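What the coordinates show
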Amino acid sequence: MLKSIKTTLLSATLLGLSFAGHAYAETTLNALFMAQAAYSEADVRAMTEAFTKANPDVKVNLEFAPYEGLHDKTVLAQGSGGGYDVVLFDVIWPAEYASNKVLVDVSDRITDEMKSGVLPGAWTTVEYDAKRYGMPWILDTKYLFYNKEILEKAGIKAPPKTWDELTEQAKIIKDKGLAATPIAWSWSQAEAAICDYTTLVSAYGGKFIDGGKPAFTSGGGLDALNYMVTSYSSGLTNPNSKEFLEEDVRKVFQNGEAAFALNWTYMYNLANDPKESKVAGKVGVVPAPGVAGKSEVSAVNGSMGLGITSTSKHPDEAWKYIVHMTSQPTQNAYAKLSLPIWASSYEDANVTKGQEELIAAAKLGLAAMYPRPTTPKYQELSTALQQAIQEALLGQASAEDALKTAAENSGL
């Protein structure tokens, strides 16, 4: 009888363990990523497969959305009380996400090794009000890419160091018939245009907000938009730039139709890939130019982080996955489309090989990254500025009037 009871208890215990193991094996994370720029979808899937192989008790469902859909998908999923465990977020969203409790504060999960190993500037991607809401993952800014062959044919010895020099060189190239519209930008009515505008604002020494009020209607903010309008109306900028996103710019550039293009890190290796590009081997890259007497180079902070949503039922597993995706071995293995957040990675020959020119540009560009405004009202402000840029480009309003309207509609 005693033996029978023991056997029954043992069976029940084993059954319980079996159920517990089965339940644990069913831990599923839902993760939202971007189907645009930086790491490719195939890269993210491969990184994730390495994680699930090492952690067979966790399954990860991946969803990819264009950048323009990331914010709304994240917020709407929160509103419905479920959705994602891990989300990719832009450097401009921590203020809003922290204020509205969209992301979990992970400050106490970040180890000393992470604190000392990650480049100091990368942490600004995930910070708000002295707290950290994830791990930086994509460390990025926009660079000036140029077609070496076109510049050589034009007799231009070196790429431009100032935005005025860019205009001068583009004019030489156009006049010599080497490119009908030498410059390509991402000026669609989307966040992409704000990134290009911010790059110019940083060059001209402008400000977005001063004392809590809009400060972009004069000074560097106005100079930046006037530069865009002049470049557009002069015919030096591809007229389709007003509808282009980053992928459109990449395709135009690697098709040999542009001498210059402003774009993120990922374009360097894709434009140098003979399977992808007609200009492979002819791609040059430098930091975005400066303005004489005001700046040496210019750069926008286009970095992104991975965070845990406040509605996640599996925060520990979600963090484990984030740690894997942002780890130095993972980032070093996929450094061709996005440069690592880890300082010592830049001493690794496997990371630097074949992209020495990009890394030389990155050392200057990443150090000069200028932030888009840190405000919980960012989406409202960005939308107003996107509208202003379009109106000014299309000649529906002067740059000054367009920016004044944007300031009135910014929510600040």
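All of the points below concern the structure found in this document. (Residues numbered from 1 in each chain as written. Predicted model: local features only at pLDDT ≥ 70, side-chain atom pairs only at ≥ 80, totals over all residues. Heavy atoms only, no water.)

**Observations concerning the overall build of the protein**
Of the regular secondary structure elements, the protein holds 18 helices and 14 strands. The dimensions of the protein, computed from C-alpha atoms along their principal axes, are 100 × 45 × 35 Å. The buried share of the protein, reckoned over its 412 residues, is 54%. Contacts in the protein between residues far apart in sequence, at least 24 positions, make up 73% of those at least 6 positions apart. (Helix = DSSP H or I, 4+ residues; strand = E, 2+ residues; numbered from the N terminus. Buried < 20%, exposed > 50% of the residue type's maximum accessible area, 1.4 Å probe, protein only. Contact = heavy atoms within 4.5 Å.)

**Topic: the pairing of strand E14 (residues 304–308)**
The element E14 is largely enclosed, with a buried count of five among its five residues. Here E14 shows two buried faces, one formed by Met304, Leu306 and Ile308 and the other by Gly305 and Gly307. Relative to E14, strand E3 (residues 86–90) runs antiparallel, the two being bridged by five bridges. Bridged to Leu88 within E14 is Leu306. (Pairing = 2+ DSSP bridges.)

**Some remarks on the packing of aromatic side chains**
Considering all chains together, one arrives at twelve aromatic pairs under this definition. Taking 5.9 Å as the distance between ring centres and 35° as the angle between the ring planes, the aromatic pair formed by Trp93 and Tyr97 counts as tilted. By the burial criterion, Trp93 is buried, and Tyr97 matches it. Residues Trp163 and Tyr227 carry aromatic rings whose centres are separated by 5.7 Å and whose planes lie at 65° to one another, so their mutual orientation is edge-to-face. Residue Trp163 is located in helix H8 (residues 163–175), and its partner Tyr227 is located in helix H10 (residues 219–233); the two are separated by 64 residues in the primary sequence. Overall, the relative accessible area of 1% leaves Trp163 in the buried class. Grouping aromatic residues by their ring pairs yields a cluster made of Phe33, Tyr39, Phe51, Phe64, Trp137 and Tyr321. The ring of Trp123 is capped by Arg132, whose NZ or CZ atom sits 4.1 Å from the centre of that ring. (Phe/Tyr/Trp six-rings, centres within 6.5 Å; stacked < 30°, edge-to-face > 60°. Lys NZ or Arg CZ within 6 Å of the ring centre and 35° of its normal.)

**Considerations on unusual backbone geometry**
Phi is positive for Asp129, which is not a glycine, with a value near 55°. Positionally, Asp129 belongs in the loop between strand E4 (127–128) and strand E5 (131–132). Taking relative accessible area as the criterion, Asp129 reaches 61% and is therefore assigned exposed. Of note in the backbone geometry, Ala130 takes a positive phi value of approximately 65° without being a glycine.

**So, the sheet that holds strand E11 (residues 260–263)**
Across the sheet, five strands lie side by side as E8-E11-E7-E12-E13; this open sheet has mixed pairing. Each having just a single partner strand, strand E8 (183–184) and strand E13 (295–298) make up the two edges of the open sheet. Bridge analysis of strand E7 (residues 143–147) against strand E12 (residues 283–291) gives five bridges, and the strand direction is antiparallel. Its bridge partner lying in E12, Tyr146 is registered against Gly284. Packing of helix H9 (residues 191–203) onto the sheet brings it into contact with E11, E12 and E13, and relative to E13 it is tilted by some 170°. Across the face of the sheet, helix H11 (residues 246–254) comes into contact with E7, E8, E11 and E12 while running at roughly 150° to E11. (Axes fitted to C-alpha atoms, helices over the stretch in contact; angles between N-to-C directions.)

**Comments concerning the pattern of salt bridges**
Overall, the coordinates contain 18 salt bridges when judged by the stated rule. Notably, a salt bridge pairs Glu357 with Lys148, separated by 3.1 Å at the nearest N-O pair. On the criterion of sequence distance, the pair formed by Glu357 in helix H16 (residues 356–365) and Lys148 in helix H7 (residues 148–153) is long-range, its members being 209 residues apart. Residue classification places Glu357 among the partly exposed residues on the basis of a relative accessible area of 25%. Notably, a salt bridge pairs Arg250 with Glu247, separated by 2.7 Å at the nearest N-O pair. Of this pair, Arg250 and Glu247 both sit in helix H11, three residues apart, which is roughly one turn of the helix. For Glu247, a relative accessible area of 24% translates into the label partly exposed. (Salt bridge = Lys/Arg side-chain N within 4 Å of Asp/Glu carboxyl O.)

**Some points on helix H18 (residues 399–408)**
Every buried residue of H18 is accounted for by Ala399, Ala402, Leu403, Ala406 and Ala407. For H18, the buried positions fall inside an angular range of 140° around the axis, keeping them on one side. (Arc of directions from axis to C-beta.)

**Looking at the nonpolar core**
Trp137, Trp163, Tyr197 and Phe260 are the most contacted members of the largest nonpolar core, which totals 124 residues. Take this core: its biggest share by element is eight residues, from helix H17 (residues 378–393). Among the nonpolar cores identified, the runner-up in size contains seven residues, and Ala37, Tyr266, Val300 and Leu337 belong to it. (Core = buried A, V, L, I, M, F, W, Y, C linked by side-chain atoms within 4.5 Å.)

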